[in-house]
2 protein chains.
Amino acid sequence: MKKKSVTFQDIADYTGFSKTTISRYFNNPDSLTLENQQIIADALTELDYKENKVARILANGRTEYVGIIVPNLFLHYYSEMLNQLLSTYEKYGYKFLVFVGNEKKDVERRYISELLAYQIEGMIILSHTISSRELAEYNIPIVTIEREDRYVCSVNTDNYMGGVQAASLLAKTNCDILIHINSRSSPEVPGYNRIRGFQDTCEENHLAYDIILEDLGSSYEENAQKIEEIFQRVEEKYGGKSKGFFISNDTHANILLNILIRKYGRLPDEYKIVGFDNSPISSEAVIPISTVGQQMEIMAEQAMELLVMQMNERKKRKPVPLTEPIHKIVTPVLIRRATTG
Amino acid sequence: MKKKSVTFQDIADYTGFSKTTISRYFNNPDSLTLENQQIIADALTELDYKENKVARILANGRTEYVGIIVPNLFLHYYSEMLNQLLSTYEKYGYKFLVFVGNEKKDVERRYISELLAYQIEGMIILSHTISSRELAEYNIPIVTIEREDRYVCSVNTDNYMGGVQAASLLAKTNCDILIHINSRSSPEVPGYNRIRGFQDTCEENHLAYDIILEDLGSSYEENAQKIEEIFQRVEEKYGGKSKGFFISNDTHANILLNILIRKYGRLPDEYKIVGFDNSPISSEAVIPISTVGQQMEIMAEQAMELLVMQMNERKKRKPVPLTEPIHKIVTPVLIRRATTG
């Protein structure tokens with residue numbers, strides 16, 4: 001069923017260009033005029049040229065495949081970050097194998113080992129299940145985003161600054177008490193610093209505060225139920241006081257906002273809400289939610305830059321491995337919307 | 001830099017099993033006891049066995065890669081359908097190359113031609129840009145979901161039934177007028193039948209109705225602005241009448257719901273809303289939205305079944321191509337929530 005392959009020589013004969021020119025068309029097309037690019041493109045159609053990339057992979061080890069592992073797609077942050085990462089195809093040409101981990105560590109390991117067997121060139125990891133020490137042992141270019149990253153390269157938001165921004169914004173609203181709701185996390189996770197930034201700002205400004213750290217579950221329904229419970233407790237404990245909430249992410253901030261709107265028909269003045277991420281739900285909510293914006297487009301761009309740099313190094317005749325993982329930090333941007341008055 | 005390959009013989013020697021047993025471990029692991037699977041798995045780690053799948057691709061043409069093309073990820077329907085498709089990895093072992101088209105037809109074509117050069121085994125197409133006639137010419141297994149599908153296999157919701165369900169539910173609320181808001185689409189698109197199902201039900205039951213078909217734009221912001229404009233016009237035209245809205249999808253239904261809640265602090269009795277899809281936003285909205293549920297888990301499952309069937313056929317010594325594309329129809333499920341009283 002296989003057709004006879006068309007060679008560079010065939011294309012050169014057909015177009016009258018040299019083989020060098022044909023080669024340049026494939027490897028550096030911009031070095032040719034648009035007109036000549038078109039002549040060669042037309043010739044390829046005429047000759048029914050099918051580039052056999054699998055054969056090329058064996059020859060030079062370039063698959064142009066990158067694996068992306070996200071923990072889930074129900075948190076709007078992950079679907080938007082995935083969107084931004086996939087959009088880099090136009091710039092870099094890398095194609096993405098996407099996997100949703102759903103906290104199944106063994107399935108995730110199996111998936112990664114399959115990707116490695118196919119000689120993918122690198123991985124971008126957003127899931128939290130596998131330690132960076134284990135990831136580093138895979139010995140391929142890796143960039144993590146917003147997760148524990150001690151032994152691998154990463155791109156993270158300046159989470160401490162984010163916590164400071166959120167607390168400072170809430171402080172200006174003169175709430176009686178500032179309340180931070182978040183999952184429990186370890187100090188090694190970048191998001192942990194949100195808690196520290198919030199706490200330090202409250203301490204320095206002598207603001208009353210409460211930090212509520214709880215396991216919020218691993219599905220939207222569990223998240224919603226937990227936040228409803230926390231809200232009931234907070235209402236009992238701080239009845240009559242005005243409350244400024246800083247919530248771990250926009251999906252959860254939206255849950256709290258909806259509880260309040262259902263109860264009061266509007267967001268009462270005694271409640272202020274700041275989310276985190278600037279994921280789509282923050283602007284799609286019934287009232288647009290103030291949020292600490294992760295600059296996802298920039299983060300996706302920097303993650304790819306950092307990955308491409310490592311992948312290109314490996315293609316050199318004498319690759320020089322990084323002596324230390326590189327950690328890039330992106331400053332968050334405070335976005336004021338309707339939930340902070 | 002390449003290590004000497006570890007062969008089945010090496011693994012057999014190391015474990016004391018026969019080569020046949022080792023082969024079974026790779027091709028049908030469940031035929032071995034868990035204990036023996038573990039012994040072989042441990043041996044692979046010890047021997048640092050790396051299966052070289054690229055070499056296998058050349059040998060038998062199996063890449064185990066499938067391309068998925070979605071039009072965008074901001075419509076919650078697409079991110080949820082993507083989630084369901086990716087989740088089939090555990091069952092089928094196929095790995096997915098994901099691309100977001102964003103209506104850039106040329107980039108989408110280039111992406112597909114790259115995937116074909118890498119010998120992917122099949123494609124699942126949700127984007128609308130490339131006609132099914134052109135898709136069929138790629139001559140590889142394809143399944144489309146909810147788009148024009150004349151020349152390729154597809155899985156679609158019974159959209160006519162969905163329109164009937166929505167209109168029937170709204171009819172029971174005794175609204176003065178039933179209003180359907182949708183994008184303009186061609187009769188070849190499965191979603192077109194929602195309009196017909198709605199219209200026929202209104203006609204048969206002598207219900208007053210209005211069908212508003214407009215280009216709603218191609219981003220969330222454009223959608224929101226268009227729906228706000230339509231809402232203003234509807235308010236002027238049907239002031240004083242109770243209105244039952246059937247909206248093209250849940251993302252758009254949520255936009256309308258939010259407009260009403262911001263205006264009235266609650267959903268007034270004179271307004272009823274039914275969305276379409278049962279995508280996550282319908283239950284995450286400020287008031288849970290009644291919707292015609294596409295059974296996305298079943299649709300993803302059937303799409304993979306239909307694709308795997310075609311892909312397996314191609315691996316036979318004498319493949320028999322389909323004489324006609326197969327179109328599977330999945331019945332939608334009406335989900336009553338708070339927006340229909």
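Asker: Break down the overall build of chain A for me, with residues and values.
Answerer: Counting its secondary structure elements, chain A contains 14 helices and 12 strands. With 341 residues in all, chain A has 44% of them scored as buried. Across chain A, contacts joining residues at least 24 apart in sequence account for 70% of those joining residues at least 6 apart.

Asker: Tell me about the interface of chain A and chain B, and please be specific about residues and values.
Answerer: Across the contact, 38 residues belong to chain A and 38 residues belong to chain B. Broken down by element, the residue count for the side of chain A that touches chain B peaks at 6 residues, all from strand β2 (residues 95-100) of chain A. Residues belonging to the side of chain A that touches chain B are distributed by class as follows: 21 nonpolar, 8 polar and 9 charged. As paired elements, β2(A) and strand β2 (residues 95-100) of chain B share 2 bridges and run antiparallel to each other. Within the sheet, the bridge partner assigned to V98(A) lies in β2(B) and is F96(B).

Asker: For the sheet that holds strand β9 (residues 271-277) of chain B, give the residues involved together with the corresponding values.
Answerer: Residue and element names in this part refer to chain B. Pairing is mixed in the open sheet, where 6 strands are placed in the order β7-β6-β8-β9-β10-β12. Single-partner strands in this sheet number two, and they are β7 (209-213) and β12 (333-335). Across this sheet, the average inter-strand angle for adjacent strands is 15°, counted without regard to direction. Taken together, the 4 bridges between β9 and strand β10 (residues 290-293) define a ladder with parallel strand orientation. Looking at the pairing, D277 lines up with G293 of β10.

Asker: Explain the relation of the copies chain A and chain B to me, and be specific about the residues and the numbers.
Answerer: Expressed as a screw operation, the relation of chain A to chain B combines 0.2 Å of axial shift with a rotation of 179°, fitting to an RMSD of 0.4 Å. Taken together, the rotation and translation describe the operation of a two-fold axis. When the interface residues of chain A are mapped onto chain B, 100% of them again lie at the interface, so the same face is used by both copies.

Asker: Outline the pairing of strand β3 (residues 122-125) of chain B, listing residues and values.
Answerer: Residues and elements named next belong to chain B. Residues of β3 alternate between two faces, with G122 and I124 on one and M123 and I125 on the opposite face, all of them buried. Of the strand pairs in this sheet, strand β1 (residues 65-70) and β3 are connected by 4 bridges, and their pairing is parallel. Counterpart to G67 in the pairing with β3 is M123. One ladder, built from 3 bridges, connects β3 with strand β4 (residues 142-145); its direction is parallel. Among the inter-strand pairings, M123 is bridged to a residue of β4, identified as I142. In this fold, the crossover linking β3 to β4 by way of helix α8 (residues 132-137) has right-handed handedness.

Asker: I'd like to hear about the packing of helix α1 (residues 8-15) of chain A against helix α3 (residues 34-47) of chain A, residue by residue, with values.
Answerer: Residues and elements named next belong to chain A. Packing of α1 against α3 brings their axes to within 10 Å, and their N-to-C directions diverge by 115°. The two elements α1 and α3 cross, and the hand of that crossing is right-handed. Where α1 abuts α3, its residues D10, I11, Y14 and T15 lie against I39, I40, A43, L44 and L47. Class assignment for the residues of the contact of α1 with α3 results in 7 nonpolar, 1 polar and 1 charged.

Asker: How would you summarise the sheet that holds strand β7 (residues 209-213) of chain A if you had to cite specific residues and measurements?
Answerer: Residues and elements named next belong to chain A. Judged by pairing direction, the sheet is mixed, and its 6 strands sit side by side in the order β7-β6-β8-β9-β10-β12 without closing on themselves. Both outer strands of the open sheet, β7 and β12 (333-335), are each paired with one neighbouring strand and no more. Averaged over all pairs of adjacent strands, the angle between strand axes in this sheet comes to 15°, irrespective of strand direction. In terms of strand pairing, strand β8 (residues 243-247) meets strand β9 (residues 271-277) through 4 bridges, oriented parallel. Looking across to β9, one finds that F246 is bridged to V274. Strands β6 (177-182), β8, β9, β10 (290-293) and β12 of the sheet are contacted by helix α9 (residues 159-172), whose axis makes an angle of about 165° with β9.

What counts as what
Residues numbered from 1 in each chain as written. Chains lettered and ligands numbered in written order. Predicted model: local features only at pLDDT ≥ 70, side-chain atom pairs only at ≥ 80, totals over all residues. Helix = DSSP H or I, 4+ residues; strand = E, 2+ residues; numbered from the N terminus. Buried ≥ 20, exposed ≤ 12 C-beta atoms within 10 Å, placed from the backbone. Contact = placed C-beta atoms within 7 Å. Nonpolar A, V, L, I, M, F, W, Y, C, P; charged D, E, K, R; others polar. Pairing = 2+ DSSP bridges. Axes fitted to C-alpha atoms, helices over the stretch in contact; angles between N-to-C directions. Least-squares fit on C-alpha atoms with pLDDT ≥ 70 in both. Right-handed = clockwise from strand over helix to strand, strands pointing away. Left-handed = near helix turned anticlockwise from the far one by under 90°.

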